[in-house]
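Structural overview for review
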Amino acid sequence: MGDDSEWMKLPIDQKCEHKVWKARLNGYEEALKLFQRIEDEKSPEWGKYLGLIKKFVTDSNAVAQLKGLEAGLAFIENAHVAGKTTGEVVSGVVTKVFNQPKARAKELGADICLMYIEIEKAEVVQDELLKGLDNKNPKIVVTCLDTLRRALSEFGSKIVTLKPVVKILPKQFESREKAVRDEAKQLAVEIYKWIRDALRPPLQSINSVQLKELEEEWVKLPQGPPKQSRFLRSQQDLKAKFEQQQAQGDQSDGEDEEEAVVAVDPYELLEPVEILSKMPKDFYDKIEAKKWQERKEALEAIETLTKNPKLENGDYGDLVRALKKVVGKDANVMLVTLAAKCLAALASGLRKKFGTYAGQVVPTILEKFKEKKVQVVQALQEAIDAIFLTTTFQNLSEDVLGVMDNKNPSIKQQASLFLARSFRHCTQATLPKSVLKPFCAALIKQVNDSAPEVRDAAFEALGTAMKVVGEKAVNPFLTDLDKLKLDKIKESADKVELPGGKKGAGGGGAVEKKPAAKAPPRAEAPSKSSGPPKKTQTAGASKISGGPPKKGKAPSAAGGKTKKTSDNKEVIETELAVEVCEDQAAGVLPASCLQQLDSGNWKERLASMEEFQRAVETMDKVVMPCQALVKMLAKKPGWKETNFQVMQMKLHIVALVAQRGTFSKTSASVVLDGLVDKIGDVKCGGNAKEALTAIGEACSLPWTAEQVVSMAFAQKNPKNQAETLNWLANAMKEFGFAGINVKGFINNVKTALGATNPAVRTAAITLLGVMYLYMGAPLRMFFEDEKPALLAQIDAEFEKMQGQSPPAPIRSIRKAGAEEEGDDGEVQDEDAGGAGLDVMDLLPRTDISDKITSDLVSKVEDKNWKIRKEGLEEIAGIISEAKFITANIGELPLALKGRLGDSNKILVQQTLNILQQLATAMGPGLKQHVKALGISIITVLGDSKVNVRTAAMTTLQAWVEHTGMKDWLEGEDLSDELKRENPFLRQEVLGWLAEKLPTLRTVPGDLMLCIPQLYGCLEDRNGDVRKKAQDALPAFMMHLTYEKMNKATGKLKPASKDQVVTMLEKARAVMPAKPAAPAKNGGGKGSAEASRAASAASEDVPDSKPEVKKIRGGGGAAKKGPAGKKPAGKAPKDEEDRTGPIFTFIPNAKEQRIKEEKQLKILKWNFITPRDEYVEQLKTQMSTCFAKWLQDELFHMDFQRHVKAIGVMMERLESESEATIGCLDLILKWFTLRFFDTNTTVLMKVLEYLKLLFSMLHREDYHLTEYESNSFVPYLILKVGESKDVVRKDVRAILTMLCKVYPASKVFPFLMDGTKSKNSKQRAECLEELGCLIGGYGMNVCQPTPAKCLKEIAVHIGDRDTSVRNAALNTVVAVYNVCGDQVYKLIGNLSEKDLSMLEERIKRAGKKTAPAPTKQSTAERSQKEQPANPNGTFLRKPAQEDPNKLKIMYRTYRIQARQNAQHSEPSHPSIPREFQLDLDMIEKDQSRVCELPDLVQHKLDELLEPIMIPEPKIRSVSPHFDDLHNSTASTINFVISQVASGDIGTSIQALAQIDEVLRQEEKADVMSGHIDQLLIATIMQLRLINSTHLADDRVDKRDVIKLYSCIIGNMLSLFSMEALAREASMVVLKDLMHGLVTLMLDSRVEDVEDGTQVIRSVNLLVIRVLEGSDQTNMISALLVLLQDTLVSTAGSPQFSELAMKCLWRMIRYLPETINSINLDRILLDVHNFMKVFPKEKLKQLKSDVPHRTLKTLLHTLCKLTGSQILDHLSMIENRNESELEAHLRRVVKHSGNLSGQKSDRGNEKSGLRMDDRMSKAKVSDILSEIFKKIGSKENTKEGLTELYEYKQKYSDADLEPYLKNTSQFFQSYVERGLRIIESEREGKTRIQTSAGTPVIPQHGGDSGLSSSNEDLKPAVYYERLKILRQRQGLENNARQQQGVGSEEEPQQRPAFSSLLSSKPSVASSTDMLHSKLSQLKESRELYQQEHNAHSHSPTHTRSASPAANLDDLKKRLERIKSNRQ
């Protein structure tokens, strides 16, 4: 027993493989126990046994084998991985277990097989069992059969595929072994249970005795269908249901079972038979023989062959043609019958494959129905019925409709009966309204036929249709039938039995069940009780009952029989006799009214009408007898009424009745004629149109329009015709275009176009214009044959409409959307699918079948290629001549198909060209030729010549455009083509599929048939084929799913399988998403196009419809039954998937990955560029802890998906932080892959996520592991060298954050490696970063040793690249700051040149105190985005800033601001910026002060001393402005950039320095070129004050006022220097004016102490700006500002008022400036203004001032320049369209030669001349406003001042009218007040006058403001003095008046109650602030506060001023200055 003890110690898995059987037995026993013990099906323990299970079951020792089988069964049942062993284990069971003598072994073997089936491996098990049937050992065969039987019995026919089993069954019946035969019999009985009679045909070949036995067994079987009793793992829900049913006593759900029974089609179980080769060789000769016996022999031979129930696909074209010829032409009825039987058999045997020939045969059969013989008719019926099942109604409808009006009643009858039989095979989906409508129309004609058999057949067809699609769908087409006929149709409907034996409830059986179920339950109960015919109707009515009036009616409609739903009543309202109408009318109208209706006295008739109207207005809709009422109106004199008043009333009443009652088409027919008759009447036309519109609302516009237009053109009155067309054009706009039947009135429109009356022509063209809005370019096709002149007019109208979108409909059919009745219902339906407005369907088409003669066909098939060529040319000629053709082209398809295989390639190409021509000409009808002709185009793709292949592909694409893809993918044709081993064909077809499949939303299931060929192509010898096949894989997978395609690999050889599965995995990663359903855009031309593209074929329509609606969330999909449900279920499922967690936290998973990498089990994450294996490995690792959908997105080909995925990861970062950290290594690895992408969008998103990630890690106090950092940091550092600034900035920020979660000393070596890069940017950035690290953390970060690192760093001082050199120097300086002179030791030997550079740099930095590393704590550092080292991350820009950058950025920013103008707060455009501030941060924390170099202080008193070269600070520029001429402009840029600083002190200091320069004439010119820059900075500062400082309570408001004073002083200095002021550009001026006007209106400023003073100063500044700046720029700026303000909804009315006042002032300057302004530019701006605000729109504004302002400007310009102004319109692109030119011409014309009077301009200063006086209306407005002010308590003083100034301005103004109604006291008060003001003004000095009333020019020579600089000087100094006094805290005692001006009213600052606290949102430069200053970090600490003084030191006089007190002013200024110093 020693041996025993040895193996006893072994682990279980080793025992199981031991050579001693006992050891194995023991092992199996223990394994069995273990397997039963393990609870987790995914436990790693299972993995150990994966390779052993086959050995378990195939053990050579019988005893051990039994135990092994038990253990194996337990393993399969419990292990998650068991599926992988299926193939080998089942194969082992079959060969080694099924042959065992022990029953127990066999039983266990079978159990194992069944268990594999349970774990979803049915296919593999079935294959192995079927292979077992070929084994020579009968025991094995018997057991295999038994196992198959058990599997089928337990799992059912849905899981066990019966086709292969049935296929092998006959062979088993032939076995010699009785046991096998018996077992086969048992299996056949079991199969019969599941598929019943479908089993009979395949078993017809077995021995008759056996068959008889079987029949006997079958009879004994129970009738009920069997049930599945064992379920797959995925079917647990079914299992539960089954168990529940068992418990409830087996109440089975019949329907489910029925589905199971019907699941197998016997046809599918049959093997196809090939018969073409077996046809008699002489068949075609015999069939043409003269003797009928010979023909009969030939046909009998064919009949025998075609009796095979399933035929192999092939080219049956010739045979079908021969049979068709016999049916059509043969005189012998017996042969006709025989040929028809052959056709029927062919159609049954070929099924869908016969569809290609259906179109050729059906017309012949229909024609042959004229035959009287019963047996012939019967044979023809069988043939046409069999053929119908192979094709669709769409393909046959034209042929059937063609014979519906045949003279022969038999043909009509048989056609109707054929329809009746065919309808039974349809469902609602396959019988859409578009198909049903023409059939119903034709059948309705037959209902009235004289022959009774025709009528009966028509009733039967209509009844069947009603049964199939429901009454509701058919009723709209039956409006013209009377009740008797309708009842007969319903009677037929009740008799109809649909296939499956169901009497379809509500007409539609199974079809209707779903819509009914979706209706609200409220309607369901009554619907059951009210009998079958009404069920759907009720459900439908209640389902959509939309408006309140309908709600009450739905239940009553269901219950009561007499009251049908209102829509039905309306649709089928029968015409009532006059007597009935009179009775009904008498019931609701007063008797007197009816008596006087036809009175001879018009007054009585009028009175009658009035009563009539009152009665209608008060009548209840339910009781209103519309038809009776309108018939009363039509009663004599009716529409011949001569009195227009009566007529008008009458028409109005019609409209009322239509609006208020339930108005049907029958009622409409009574009145329409009369309305059309009156539509052209001058007095009554309006009312007639109103009535027509009301009828349109009641009865649908499409129907009304068609009736009205045909009536109008039936009469000769051109006025009526024109007005009808005008009405229709308008109605189309109001109702929209849905459902309009263009075909219906296109001919009338053509008639109108040819009318002699111009009004009719014009109306027709206008109507076409409106139609063009909806239909687009295709509309022109209808009119291509019109005369050129007329076509030009139509084109001009279309041109006008180009680019306009159709208006939204404002009316709709009034039926609350409920009834969808009549044509309209159909319309909405069609629209949804996009077929609604396909113009191609409406085009008049020619039938060319008669031109395709047999001679032409034989020509095309001639042996001589030249004759063939001639034939083809003839065909091309026929098609091009016909332009648009019908789908009926006779025998052309077969003829052309032959030519596609022509040996002469020229003819092949010619044929392809014809096919392209055919596609265009035939349009959608092309569909039915896809199988017969289209597939042959694909064959040509295999041609060896490139040009032929190219032509074939072009043809193919042209066809697909018209047919959609569905028909091409259906059936086996495509897979058959791919079977051809032609590399060209394969690569072309696969390339085409790869392109087309991703655009489809659904594909036929037959696509699966191409998969074996696709897999074959993946291993093709030709590389191109392989590549194309790989490209096509994702497209196939998108539709067929990965699971199905993976399953299909089971049939491949093992070697191929592995390869293909790998490719499938790759394809799965890049699988495209299915395109979304096309949006439904209201049925314009867009919708037709869009949906045609999406679901190109009209058969796709039912699929696409519900999805559209589901996605849009509309309820409409409810009515779509089966199709509607699927997408609905699908969309939410996707959503649910995405709501779960995106990361799964698996404990220790990361540690496991680290361990595996260390043990080299997986690849180390280290590469130069990522190879596929890395990506695959990452994918595998991610699959365990990432949500599947997220992983799919992350590895998608489309970068948009990456962005989306990162977005989701951002959202979940906080909520799933633990899981994120758990997967951190994988997340970082995936991001490293993204660093190798070139897409900036993704990169920016990645960096954004990383910033959030690292800050989260820091908060969670997580530290990166070595493993994580090694696989991430090196790749991040690559990106430091990115060319884009914005990327580098983000990467630096991330590196800074990295140091918080990973030691800086470990980041250092990574950066050192980065300095070795070839990319100079990367080297420079890494060096800078190293400097920051040393500056922040001291020398300890230098790893391995400081000396080693510094030597490497110092090498870069000699780099070729300047930025690298500078960075290296900066880094060494950082070291110097930390460790002083020791740096020279550390860096080792340097070349002399490098050393001198370093010493120079250290010397420059020497003055700075080096921050000790100890003080610089990490916490401090973390407060900033970057380290503190000044040479590090902040100031990396070289000193020389390009002064134009500011402008460029300003422009960029303005464009963005324009786009953002709608938003109330400025949004920050994400453009790369030089300086950028995080304003939010600044606002939140203003206490924080960054440690930054201080501002350079300019010692202004030493201006004239000799210049010392200053010590450099950061920037190597001179800090003194004196030295400006020899330094660059960068100093100015620097100071200007500080003007916009967020720190008030900094800004004041900068302004002071600029002011100093501006006031010295000799120095001021250095500012030239910087004016825009300065103004932008100022504007930004004004905005900053407005948005931040004023709102912030922590800011001292006195500082704000100080800052305002500095800005204003600065600007006054600037704009008093003409040369500089003129440099300001238009855009900047616009923003400056915006800022100043906003400031004047800001009530917050007034509330501050000295605020009013500031506003007065702004007033003065505004005038200075208006006068000083370039006049052209100024006027343009004001126009743009005004336009923006008027456009903006947020702007206040006061704002636009002030903008206009400024414009008026500019207008007053025009006489002086007219010669200097650029008129062309101003007129362009006016033109643009008028484009935005045309005259009409301007007049609609609340105030008329903008309109008057514009008129005054143009008037003044015209007056000053005369007619020459018209020569200045050169800049306007399209002058003819401009309102401006027309306006100017008018003004020039009116003013005659006014411009000649320009000469006298002497006394300009005296204000306005008399010509410019205001209009009287305006004067009265202004005066009444002034008196209102005087009357109010608060504003009385202001009012008096204004009145005084007004009297001064208009001395002859008459105040009498305003004073005469007031009290004596008031009058004397006004006079007294005016006197006081007068005396005050005269007593003041002149200087005060000019400062006090800056804007209002006074009469009198001495008091006006002159435009010369001379006169303005004193005011300037005065203003400055005020500012300085105010700053010193002195009072400004001198009393001042304020006011901004205009000539209309003195504008004191009104105390607006609701002033805007924020600026009006006009496009402007707010965010410039963010984009200027990040490098300057403007919150610098200032020196002492007193230095602010320099901002406004006084200026020296530039010229002697005539004012007396000027010297005094200067002295005072000097005094103030010396005090401050």
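Residues numbered from 1 in each chain as written. Predicted model: local features only at pLDDT ≥ 70, side-chain atom pairs only at ≥ 80, totals over all residues. Heavy atoms only, no water.

**A word on the overall build of the protein chain**
In terms of helices and strands, the protein chain carries 106 helices and 0 strands. Taking all 2021 residues of the protein chain together, the buried fraction comes to 54%. Here the analysis covers contacts within the protein chain between residues at least 6 apart in sequence; of these, 75% occur between residues at least 24 apart. Accessible surface for the protein chain amounts to roughly 90,000 Å². Of this, 51% is attributable to carbon and sulfur atoms. (Helix = DSSP H or I, 4+ residues; strand = E, 2+ residues; numbered from the N terminus. Buried < 20%, exposed > 50% of the residue type's maximum accessible area, 1.4 Å probe, protein only. Contact = heavy atoms within 4.5 Å. Areas by Shrake-Rupley, 256 points an atom, 1.4 Å probe, with all protein chains shown as cover.)

**Some remarks on the environment of Ala691**
Here Ala691 lies in helix H40 (residues 685–699). Judged by relative accessible area, which is 0%, Ala691 ranks as buried. A C-alpha to C-alpha distance of 7.6 Å links Ala691 and Leu675, two positions 16 residues apart in sequence. The residues touching Ala691, leaving out its near neighbours within four places in the chain, are Leu651, Val654, Ala655 and Leu675.

**Topic: the environment of Phe1827**
When you line up the elements, Phe1827 lands in helix H99 (residues 1816–1831). The sequence separation of Phe1827 and Gly1839 amounts to 12 residues, and the corresponding C-alpha distance is 6.7 Å. Discounting residues that sit within four places of it in the chain, Phe1827 has contacts with Leu1843, Tyr1858, Leu1859 and Phe1866.

**Details of the side chain of Glu1268**
Position of Glu1268 among the secondary structure elements: in helix H71 (residues 1266–1270). Side chain to side chain, Glu1268 and Lys1150 meet in a polar contact 2.5 Å long. At 2.8 Å, the side chain of Glu1268 and the side chain of Tyr1262 are in polar contact. Sequence-distant contacts of Glu1268, defined by excluding residues within four places in its chain, comprise Lys1150, Leu1224, Asp1225, Leu1228 and Tyr1262. (Polar contact = N/O pair within 3.5 Å; in protein donor to acceptor, adjacent residues only side chain to side chain.)

**Quick look at the nonpolar core**
Judged by nonpolar contacts, the single largest core of 109 residues is most densely connected at Met1567 and Leu1757. When neighbours within four sequence positions are excluded, Leu1757 is seen to be in contact with Leu1710, Ile1714, Ile1717, Leu1719, Ile1722, Leu1723, Gly1762 and Ile1765. The next biggest cluster of nonpolar side chains, apart from the first, holds 94 residues, and it includes Ala1219, Cys1223, Val1307 and Val1372. (Core = buried A, V, L, I, M, F, W, Y, C linked by side-chain atoms within 4.5 Å.)

**A word on helix H85 (residues 1544–1558)**
With 15 residues, H85 should cover 21 Å at 1.5 Å per step; its first-to-last C-alpha distance of 21 Å lies within 8% of that length. For H85, a buried count of 15 out of 15 residues is recorded, marking the element as mostly surrounded by other parts of the structure. (Expected span 1.5 Å × (residues − 1).)

**Side note on the side chain of Arg1292**
Relative to the helices and strands, Arg1292 resides in helix H73 (residues 1285–1301). Under the relative-accessibility criterion, Arg1292 is labelled buried at 11%. A polar contact is formed between the side chain of Arg1292 and the side chain of Glu1325, at a distance of 3.0 Å.

**Points about the confidence of the model for the protein chain**
When pLDDT is low, close inspection of the predicted coordinates is not appropriate. Per-residue confidence for the protein chain gives a mean pLDDT of 76; residues scoring 70 or more make up 77%. In this model, residues 1451–1474 is a region of pLDDT below 50 whose contacts with residues beyond four sequence positions or in other chains number 47 contacts. Confidence over residues 1482–1493 falls short of pLDDT 50; this stretch has 20 contacts with residues more than four positions distant or in other chains. (pLDDT = per-residue confidence, 0-100.)

**Concerning the environment of Met1037**
One can find Met1037 in helix H58 (residues 1023–1040). Through-space distance from the C-alpha of Met1037 to that of Leu997 is 9.8 Å; in sequence the pair is 40 residues apart. Excluding anything up to four places from it in sequence, Met1037 contacts Tyr1042, Met1045, Leu1064, Ala1067, Arg1068 and Met1071.

**With respect to helix H94 (residues 1693–1713)**
Under the 1.5 Å per step criterion, the end-to-end length of H94 is 29 Å for 21 residues, consistent within 8% with the ideal 30 Å. Among the 21 residues of H94, 18 are classified as buried, and the element is accordingly described as predominantly covered.

**What to know about the packing of helix H50 (residues 892–900) against helix H52 (residues 930–940)**
At a minimum axis separation of 9 Å, H50 and H52 run at an interaxial angle of 5 degrees. Comparing the axis directions of H50 and H52 gives the class roughly parallel. Between H50 and H52, the contacting residues are Pro893, Leu896, Lys897 and Leu900 on the first element and Ala932, Leu933, Ser936, Ile937 and Val940 on the second. Across the contact of H50 with H52, the residue classes break down as 7 nonpolar, 1 polar and 1 charged. (Axes fitted to C-alpha atoms, helices over the stretch in contact; angles between N-to-C directions. Parallel < 35°, antiparallel > 145°, perpendicular 65-115°, else oblique. Nonpolar A, V, L, I, M, F, W, Y, C, P; charged D, E, K, R; others polar.)

**Remarks on a positive patch on the surface**
A contiguous patch of positive charge on the surface is contributed by Lys1735, Lys1739, Lys1751 and Arg1786. With respect to the helices and strands, Lys1739 occurs in helix H96 (residues 1735–1740). (Patch = residues over 30% accessible without salt bridge, like charges linked within 9 Å, V, L, I, M, F, W, Y side chains within 5 Å. Salt bridge = Lys/Arg side-chain N within 4 Å of Asp/Glu carboxyl O. Lys, Arg positive; Asp, Glu negative; His and termini not counted. Charge placed at Lys NZ, Arg CZ, Asp CG, Glu CD.)

**Topic: the pattern of salt bridges**
Enumeration over the complete set of coordinates arrives at 87 salt bridges. Of the charged contacts, one joins Lys488 and Asp456 as a salt bridge, the two residues approaching to 3.9 Å between their closest N and O atoms. In this pair, Lys488 is assigned in helix H27 (residues 483–495) and Asp456 in helix H25 (residues 452–469), connecting sequence segments 32 residues apart. Glu1268 is paired through a salt bridge with Lys1150; the nearest N and O atoms lie 2.5 Å apart. With Glu1268 in helix H71 and Lys1150 in helix H64 (residues 1149–1158), this residue pair connects regions lying 118 residues apart in the sequence.

**Topic: the packing of helix H92 (residues 1651–1668) against H94**
Pairs of packed helices are described in terms of their axes, by the angle between the two and the distance that separates them. At a minimum axis distance of 10 Å, the contact between H92 and H94 shows a crossing angle of 40 degrees. As summarised for this structure, H92 and H94 are arranged oblique, according to the angle between their axes. Taken as a pair, H92 and H94 cross one another with a handedness that is right-handed. Of the residues in H94, those touching H92 at Val1662, Ile1663, Leu1666 and Glu1667 are Cys1702, Arg1705, Met1706 and Tyr1709. (Left-handed = near helix turned anticlockwise from the far one by under 90°.)

**Overview of the packing of aromatic side chains**
Evaluated as defined, the whole model comprises 30 aromatic pairs. With centroids separated by 4.8 Å and ring planes inclined at 50 degrees, the aromatic side chains of Tyr28 and Phe56 adopt a geometry described as tilted. Pair noted here: Tyr28 is in helix H3 (residues 21–37) and Phe56 is in helix H4 (residues 53–57), with a separation of 28 residues, a long-range link. Taking relative accessible area as the criterion, Tyr28 reaches 1% and is therefore assigned buried. Among the aromatic side chains, those forming a connected cluster through ring pairs are Tyr28, Phe35, Trp46, Tyr49, Phe56 and Phe75. Lying over the aromatic face of Phe644, Lys683 brings its terminal NZ or CZ to 4.3 Å of the ring centre. (Phe/Tyr/Trp six-rings, centres within 6.5 Å; stacked < 30°, edge-to-face > 60°. Lys NZ or Arg CZ within 6 Å of the ring centre and 35° of its normal.)

**Brief notes about unusual backbone geometry**
Along the chain, Gln1343 connects to Pro1344 via a cis peptide bond; the corresponding omega equals 0 degrees. Along the polypeptide, Pro1344 turns up in the loop between helix H75 (1320–1337) and helix H76 (1346–1355). Positive phi is not limited to glycine here, since Ser700 has a value of about 80 degrees. Here Ser700 lies in the loop between H40 and helix H41 (701–714). Relative accessible area serves as the criterion here: at 0%, Ser700 is assigned to the buried category.

**As for the state of the cysteines**
Summed over all chains, the structure comprises 0 disulfides. Free of any disulfide, Cys1017 has its nearest neighbouring cysteine sulfur in Cys1010, separated by 9.9 Å. The buried category is assigned to Cys1017, whose relative accessible area is 0%. (Disulfide = S-S within 2.5 Å.)

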